[in-house]
Amino acid sequence: MIRKIHFILFILLVFSFIFSGSIMAQSKPESITTTKPDSKENKEKKKDDKSKKEKEKVKKEKVKKEKVKKEKKEKLSDADKAKAKLISAGDKIFNSDVKRYDKALVFYLKAKNMGAKTEKLYYNIGYSYFKLKEYKKSEKYFFKLVHKDSLRLKKSLYYYARLQHLNYQFDSAITYFGEYRRTLSPDDLAKMDKDIQKKLKECNFAKEMVATPVLAFVDSLGDNINSKYVDYAPLISADDSTLIFTTRRPNENKSNRDQDGAFFEEIYISKKDSSGNWVKASSIGKPISGSGHSACAGLSADGNSLIVYKSSGNGDLYLSKKQKGKWTSPKSLGKNINSSEHESSASFSYDNLKLYISSDREGGYGGQDIYVSLIDEKGNWGKAQNMMRKINTAYDETSFIALPDGETFYFTSSGHNSMGGLDIFKITYKDSAWSDAVNLGYPINTPNDDVINSISNDGKRAYFASMLDEANKHDIFMLTFMNEVKQVFDDLDGLDIAVYKYGELLPPFEKAVNIQKLNLTVLKGIITDKNTKEPIYASIELTDNSTNKVVATFNSNEQTGSYLVSLPAGKNYGIAVKAENCLFYSDNVKIGKVKGYKEIVKDIQLQRISVGSKVILKNIFFASGKAKLTKSSETELQNLLKLMNDIPKLKIEVSGHTDNVGRASSNKALSKRRAKAVVDFLVKNGVAIDRMVYKGYGFEQPIASNKTKEGRQQNRRTEFKVIAK
């Protein structure tokens, strides 16, 4: 029994040993039996295998992404596809060389209205409105962009600051200009910092200007002048009867648009009716208008010479004259005025002997500079000369206006202390030196562009163009300064100030700007035929008798015969009025050193050349009690000489006359010697003696009472009478 048990135990022990050995063999680590260091070849192989696996993984991921993208694109709704297509069409126009922002907006706004809200879309919409000068609409989009949690298009800060500046929110503008500046890289800051610093300076200066505004009334010139399109650059004739301005409205002659979407510039004209109201404006028409841009640039005081800007080349200036009631075809002002660069504005001096232009030609200080050209004896304009640093800057200067005193000037600049854009400045020239330019202040100037074209006699009115609301774009307005406010502008040569603004309705203002009044006398009236009483188109020549120099030439209005001549104080003037087939009219006007503005009304009747016609030579002068012609008589003598040379068959009697002071015989002898002195001058200068006789009448033929000083002065005269023709 015991053996049997031992045997069983032995068998169990054997099986247990065998089973445990098998388990140990299975759990034994492989490394124990295979541990060997990898060879160099094995390592490289493993590295290559890993690289291949990674490349395959990247490739698979790329394929997967493309597949997802394709699937996503395929899953786009029709609306999403339409939005993407619209934005793409807008981008094509927006990024083209010739940008039509108005057309780009059509596509952008459709996409936006369908739900597109990308930052780039909002930026492009805001920028397009900015370029189209629709600032309220532009501000709406840039406002949304600058108030985003994260803004990628940092230039949005710059344009929002610009819009705040234009909207008189100067502190806000300063803040956002600063924010934009802080986003710039060193390279970008180097490019933009000059502009940003200038804008900051403008904002601070504008805050100062707005603190002292001018009281004024603003009245629209009405629907006969204004349209729903852009109307600007008004020019007013000297007699305040004609308005010439530039418009961007369509008409039957022009329907083309420029890159900003505006219709090409066109010149319109309006006249006042018998009630003093402007009639419906219409195109000035051919030959002034052409297929391209035509804009008015300058108008002479008499309203008979119009300088026209045309878009030929880079933009040149042309001159059209009114002859027999019709405008001539504009002719280029020539290479002395126009260059290969851009000439944009022009104005005549009050005497029509100088022409001021703006140009960005080479050799200037930068941007548009003011240049002056003098007319020669043949009527040709000399080479335009830069007016130098006191006027011109590295920025734009334009629209230079000279007052009759020869000392006071107004011009437009973005380079001097400006509230923003172009502002109007005053500068004087005395003792051969220019003063500093002075900003005329707010609200004459605004944060946007303000451009002067001309100024009124009494300084009480201004014609300008402004954007009071976006629906009407720019309209032309008359600004009237309130009675209790001091003179705002200096008086000028019978013209009206024209200020055009790319701004909004001016905010409330309370105080006045005091600018010294110009000492000026204006001689005006109507020139007619003595017999028919019909208006006559005549030239008026103004001479400084102290120098015998012609200081100005003017023309009367062809339709009305009206004329206006500016006479700065403190001089003795000779006036000669000449017309075809008429004897010239002579007058003498002495203007003392009186202060302020004065008007003299003098109607003139010209005589046709006929036997018996007489002309008093009011600018023939002799020393007291003598028969020797003074130097001041030179211009009058030349006028008479020209008449004799122009009409070879003309025969005249030259007569001398005196007042009744003194003995009759002495006066008669003196008057005869004086008449002879005039004839001797004509003979000396080539007129045959048999065409003239001279007589002295003493005080036998008075034309006024000898009881008054004024009457006796009139009776002391030299005259000529036609005795044959």
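**A look at the overall build of the chain**
On a plain count of helices and strands, the chain comes out with 13 helices and 35 strands. Burial analysis of the chain (725 residues in total) assigns 48% to the buried set. The long-range fraction of contacts in the chain, counting pairs at least 24 apart against all pairs at least 6 apart in sequence, stands at 61%. Carbon and sulfur atoms provide 52% of the accessible area of the chain, an area that totals close to 38,200 Å².

**As for the environment of Tyr 176**
Positionally, Tyr 176 belongs in helix H9 (residues 170–183). Given a relative accessible area of 13%, Tyr 176 falls into the buried group. Between the C-alpha atom of Tyr 176 and that of Tyr 159, which follows or precedes it by 17 residues, the distance is 9.0 Å. Look past the residues within four positions of Tyr 176 in its chain and what remains in contact with it is Val 146, His 147, Leu 157, Tyr 160 and Ala 161.

**Re the packing of aromatic side chains**
Considering all chains together, one arrives at 30 aromatic pairs under this definition. Here the aromatic rings of Tyr 123 and Phe 142 are separated by 5.7 Å at their centres, their planes lie at 90°, and the arrangement is edge-to-face. Separated by 19 residues along the polypeptide, Tyr 123 in helix H6 (residues 119–131) and Phe 142 in helix H7 (residues 135–146) bring together distant segments of the chain. Exposure class is identical for Tyr 123 and Phe 142. Each is buried.

**Focus on the nonpolar core**
Judged by nonpolar contacts, the single largest core of 47 residues is most densely connected at Ile 125, Tyr 127, Phe 142, Tyr 159, Phe 177, Tyr 180 and Ile 196. Secondary structure elements with two or more residues in this core: helix H4 (78–94), helix H5 (101–113), H6, H7, helix H8 (155–166), H9 and helix H10 (186–210). Aside from chain neighbours lying at most four places away, what touches Tyr 127 is Phe 94, Tyr 101, Phe 142 and Tyr 159.

**Quick notes on the layout of surface pockets**
One water molecule sets the probe size; rolling that probe over the atoms shows where empty space is left. One number sums up the size of the second largest pocket: a volume of about 1,500 Å³. For the second largest pocket, the lining is made up of 40 residues, of which Lys 321, Tyr 537, Ser 539, Thr 553 and Asn 555 are closest to its centre. Those elements that place two or more of their residues in the lining of the second largest pocket are strand E8 (316–323), strand E10 (331–332), strand E25 (539–544) and strand E26 (549–555). Each residue belonging to the lining of the second largest pocket can be placed in one class, and the counts come to 15 nonpolar, 12 polar and 13 charged. Domain assignment of the residues forming the lining of the second largest pocket places at least three in each of domain 2 (215–512) and domain 3 (519–608).

**Focus on the packing of H8 against H9**
Running from N to C, H8 and H9 cross one another at 165°; their axes reach a closest spacing of 8 Å. Between H8 and H9, the angle is such that the two are roughly antiparallel. By crossing handedness, the relation of H8 to H9 is classed as left-handed. Counting all contacts with H8, which are made through Lys 155, Leu 157, Tyr 158, Tyr 160, Ala 161, Arg 162, Gln 164 and His 165, the residues of H9 involved are Phe 170, Ser 172, Ala 173, Tyr 176, Phe 177, Glu 179, Tyr 180 and Thr 183. By residue class, the composition of the contact of H8 with H9 is 9 nonpolar, 4 polar and 3 charged.

**Focus: H4**
Compared with an ideal rise of 1.5 Å per residue, which puts 17 residues at 24 Å, H4 spans 24 Å between its outermost C-alpha atoms and is within 8% of the ideal. At its buried positions, H4 is contacted by H5 and H6.

**Side note on the confidence of the model for the chain**
Looking at the chain, the pLDDT average stands at 83 and 82% of residues meet or exceed 70. Here residues 22–36 scores under 50 on pLDDT; set against residues more than four positions off or in separate chains, the count is 0 contacts. Confidence over residues 483–516 falls short of pLDDT 50; this stretch has 171 contacts with residues more than four positions distant or in other chains.

**Some details on the pattern of salt bridges**
Following the criterion strictly, the structure yields 24 salt bridges and no others. The shortest N-O distance in the salt bridge between Lys 207 and Asp 171 comes to 2.7 Å. Within this pair, whereas Lys 207 is found in helix H10, its partner Asp 171 is found in helix H9, the two being separated by 36 residues in sequence. The partner of Lys 578 in a salt bridge is Glu 541, with the nearest N and O atoms 4.0 Å apart. Here the residue Lys 578 occupies a position in strand E28 (residues 571–578), and Glu 541 occupies one in strand E25, the gap between them amounting to 37 residues. Overall, Lys 578 belongs to the partly exposed group, its relative accessible area being 24%. Linked by salt bridges that have partners in common, Asp 587, Lys 602 and Lys 618 make up one network.

**Some details on the sheet that holds E28**
Spatially, 4 strands are ordered E26-E25-E28-E29 in an open sheet, and the strand pairing comes out antiparallel. The sheet terminates laterally at E26 and strand E29 (585–591), the two strands that pair on one side only. With strand direction ignored, the average angle separating the axes of adjacent strands in the sheet is 20°. With 6 bridges joining them, E25 and E28 adopt antiparallel strand pairing.

**What about H8?**
Compared with an ideal rise of 1.5 Å per residue, which puts 12 residues at 16 Å, H8 spans 17 Å between its outermost C-alpha atoms and is within 8% of the ideal. For H8, the tally of buried residues reaches 10 of 12 residues, placing the bulk of the element in the interior. Residues of H8 that are buried sit in contact with H6, H7, H9 and H10. The positive-phi residue at the C-terminal boundary of H8 is Tyr 168, with phi of around 65°.

**Quick word on the pairing of strand E6 (residues 294–299)**
In terms of burial, E6 is largely enclosed, as 6 of its 6 residues are buried. Direction of pairing for E6 relative to strand E7 (residues 305–310): antiparallel, over a ladder of 5 bridges. The residue bridging Ala 295 from the neighbouring strand is Tyr 309, located in E7. Once E6 ends, the chain turns through 5 residues before running back antiparallel as E7, passing Gly 303 with a positive phi of about 75°.

**Quick notes on the side chain of Thr 718**
Position of Thr 718 among the secondary structure elements: in strand E35 (residues 717–724). A relative accessible area of 5% places Thr 718 in the buried class. Excluding anything up to four places from it in sequence, Thr 718 contacts Val 615, Ile 616, Leu 617, Ile 620, Phe 622, Val 654, Ser 655 and Val 678.

**A word on unusual backbone geometry**
Lys 286 connects to Pro 287 through a cis peptide bond whose omega is 10°. Here Pro 287 is to be found in the loop between strand E5 (282–283) and E6. The residue Ala 233 is not glycine, and still its phi comes out positive at about 55°. Secondary-structure assignment places Ala 233 in strand E2 (residues 231–236). Of note in this structure, Asp 431 is not a glycine but carries a positive phi near 55°.

**A look at the packing of H4 against H6**
One can describe the packing of H4 onto H6 by two numbers: an axis separation of 12 Å at closest approach and a directional angle of 45°. As judged from the angle between their axes, H4 and H6 are oblique. Between H4 and H6 the crossing geometry is left-handed. For the pair H4 and H6, contact is made by Ile 87, Asp 91 and Phe 94 and by Leu 121, Asn 124, Tyr 127 and Ser 128, respectively. Of the residues that constitute the contact of H4 with H6, the class distribution is 4 nonpolar, 2 polar and 1 charged.

Cut-off values and rules
Residues numbered from 1 in each chain as written. Predicted model: local features only at pLDDT ≥ 70, side-chain atom pairs only at ≥ 80, totals over all residues. Heavy atoms only, no water. Helix = DSSP H or I, 4+ residues; strand = E, 2+ residues; numbered from the N terminus. Buried < 20%, exposed > 50% of the residue type's maximum accessible area, 1.4 Å probe, protein only. Contact = heavy atoms within 4.5 Å. Areas by Shrake-Rupley, 256 points an atom, 1.4 Å probe, with all protein chains shown as cover. Phe/Tyr/Trp six-rings, centres within 6.5 Å; stacked < 30°, edge-to-face > 60°. Core = buried A, V, L, I, M, F, W, Y, C linked by side-chain atoms within 4.5 Å. 1 Å grid on protein atoms, 1.4 Å probe; cavity = no way out; pocket = protein on both sides within 12 Å on 5 of 7 lines; lining within 4 Å. Points joined across faces, edges and corners; volume = space filled by probe spheres on them. Nonpolar A, V, L, I, M, F, W, Y, C, P; charged D, E, K, R; others polar. Domains from an automatic or database assignment. Axes fitted to C-alpha atoms, helices over the stretch in contact; angles between N-to-C directions. Parallel < 35°, antiparallel > 145°, perpendicular 65-115°, else oblique. Left-handed = near helix turned anticlockwise from the far one by under 90°. Expected span 1.5 Å × (residues − 1). pLDDT = per-residue confidence, 0-100. Salt bridge = Lys/Arg side-chain N within 4 Å of Asp/Glu carboxyl O. Pairing = 2+ DSSP bridges.

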